[in-house]
Amino acid sequence: MSVVVRNPPRTDRALVEGLAEFGVSTIHEAQGRARLLDPALRPIWSGARAAGTAVTVSVPPGDNWMIHVAVEQCAEGDLLVVAPTTPSSAGYFGELLATALAYRGVRGLVIDAGCRDVAELREMGFPVWSRHVSAFGTVKETLGDVNVGLVCAGQWIEPGDVVVADDDGVVVVPRARAADVIAAAREREEREARSRERYAKGELSLDVSSMREALGAKGLTYVDAG
């Protein structure tokens, strides 16, 4: 049976905005190098950034009917997450759907399949992360699900989780962990700022990060030539 879940719990907006301050790499590291989607998902235009609450869409291969269904369930601050039940490179998404989503305040799309109308989407400023860019069209024949948990590009995503995306890729933060990940990301950025300051003064990462003893313990030996 196919289902559309209305009004699922969403991560608090303040927490979403807090996570939006950090890059994908920082968030990925801050939550234990976890929850990073397959790096084959790439932004269709450089410089794109987005963070929002997931509206999840499970679609059949080559069929985008349920994306049209999902638009009605989207709200300001959401980010649409689409995964086909079996691999597909079809162009599920383009300018017209982006126009409908932009009107509703949706911040972008992550799709483990194809999209098209890249030039128009870039001109609109609507960010998309996709596995493929393809003009190949889809049909509207088979049902799927909206706002149920799914696997997208190798990661489990629940509706209402936070999805953050930039030039480095896409990462998901579970709704229950958002506050903890913000704290860990902030601590990581403060630590990196201190290291950056020392690098700028000429110090080596070997010393800033106290690597020499560990390298020696692994058996690294220095010898002078000649």
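Residues numbered from 1 in each chain as written. Predicted model: local features only at pLDDT ≥ 70, side-chain atom pairs only at ≥ 80, totals over all residues. Heavy atoms only, no water.

With an unreviewed UniProt entry as reference, the protein chain is termed Putative 4-hydroxy-4-methyl-2-oxoglutarate aldolase, source organism Pseudonocardia cypriaca. Of the protein chain, the UniProt comment under Function (unreviewed entry) reads exactly: "Catalyzes the aldol cleavage of 4-hydroxy-4-methyl-2-oxoglutarate (HMG) into 2 molecules of pyruvate. Also contains a secondary oxaloacetate (OAA) decarboxylase activity due to the common pyruvate enolate transition state formed following C-C bond cleavage in the retro-aldol and decarboxylation reactions." (UniProt positions renumbered as here; feature names shortened; annotations may be inferred.)

## Describing the pairing of strand 5 (residues 109-115)
Two faces belong to every sheet, and in a regular strand the side chains alternate between them. Along strand 5, 7 of the 7 residues are buried, which leaves the element largely enclosed by surrounding structure. For strand 3 (residues 78-84) and strand 5, the ladder comprises 3 bridges, and the chain directions are parallel. Its bridge partner lying in strand 5, Leu 80 is registered against Leu 109. As paired elements, strand 4 (residues 91-93) and strand 5 share 2 bridges and run parallel to each other. The residue of strand 5 that forms the bridge with Gly 91 is Gly 114. In this sheet, strand 6 (residues 128-133) lies alongside strand 5 in parallel orientation, the contact comprising 5 bridges. (Buried < 20%, exposed > 50% of the residue type's maximum accessible area, 1.4 Å probe, protein only. Helix = DSSP H or I, 4+ residues; strand = E, 2+ residues; numbered from the N terminus. Pairing = 2+ DSSP bridges.)

## A closer look at the packing of helix 1 (residues 13-20) against helix 6 (residues 178-200)
Put simply, helix 1 and helix 6 touch, their axes get as near as 10 Å, and they point 30 degrees apart. For the element pair helix 1 / helix 6, the angle class is roughly parallel. Judged by the sense of rotation from one axis to the other, the crossing of helix 1 with helix 6 is left-handed. Along its contact with helix 1, which presents Leu 15, Gly 18 and Leu 19, the element helix 6 presents Ala 178, Ala 179, Val 181 and Ile 182. Residues that form the contact of helix 1 with helix 6 fall into these classes: 6 nonpolar, 1 polar and no charged. (Axes fitted to C-alpha atoms, helices over the stretch in contact; angles between N-to-C directions. Parallel < 35°, antiparallel > 145°, perpendicular 65-115°, else oblique. Left-handed = near helix turned anticlockwise from the far one by under 90°. Contact = heavy atoms within 4.5 Å. Nonpolar A, V, L, I, M, F, W, Y, C, P; charged D, E, K, R; others polar.)

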